[in-house]
Amino acid sequence: MIVVKNDKIEYLSDDIPVGEVLFQKETDYLVLTTAYVKDEYRGQGLASKMLEEVFSYLKENNIKVKIECSYINHWLSDKKLYQELIVK
């Protein structure tokens, strides 16, 4: 589950925050700057699950994004479903 806050999107697993995507608000889009999973939860595929939920939310709400995080760029490389959200 995700929780959208002022400058981040938290990813919860069993109501425990395990990761987050940090962003900056621009006029017409969000700039995604960092994707992070806490050390003790790494290696379980949670970053991918987190980004899937985040981008589903963004798509449902037609929120455009610019990506400044190398991990998110890599994750998006084969996700055609979300390419329409990307601001170049």
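Please refer to the structure higher up on the page.
Nothing here was measured: the structure is a model prediction, and the numbers come from that model.

Turning our eyes to something else, we now look at the side chain of Glu10. One can find Glu10 in strand 2 (residues 8-13). Separated by 3.3 Å, the side chains of Glu10 and Lys5 make a polar contact. With residues up to four places along the chain from it excluded, the contact list for Glu10 reads Met1, Ile2, Val3, Lys5, Pro17, Gly19 and Glu20.

The subject of this paragraph is the pairing of strand 4 (residues 30-37). The pairing of strand 3 (residues 16-25) with strand 4 spans seven bridges and is classified as antiparallel. By the bridge assignment, Lys25 is partnered in strand 4 with Leu30. Linkage of strand 3 to strand 4, two consecutive antiparallel strands, is achieved through a turn of four residues. Across three bridges, strand 4 lies against strand 5 (residues 65-67) in parallel orientation. In the strand pairing of strand 5, Leu30 is matched with Val65. Chirality of the crossover, the property in question, places the unit of strand 4, helix 1 (residues 46-60) and strand 5 among those that are right-handed.

Reading the values: the criteria
Residues numbered from 1 in each chain as written. Predicted model: local features only at pLDDT ≥ 70, side-chain atom pairs only at ≥ 80, totals over all residues. Heavy atoms only, no water. Helix = DSSP H or I, 4+ residues; strand = E, 2+ residues; numbered from the N terminus. Polar contact = N/O pair within 3.5 Å; in protein donor to acceptor, adjacent residues only side chain to side chain. Contact = heavy atoms within 4.5 Å. Pairing = 2+ DSSP bridges. Right-handed = clockwise from strand over helix to strand, strands pointing away.

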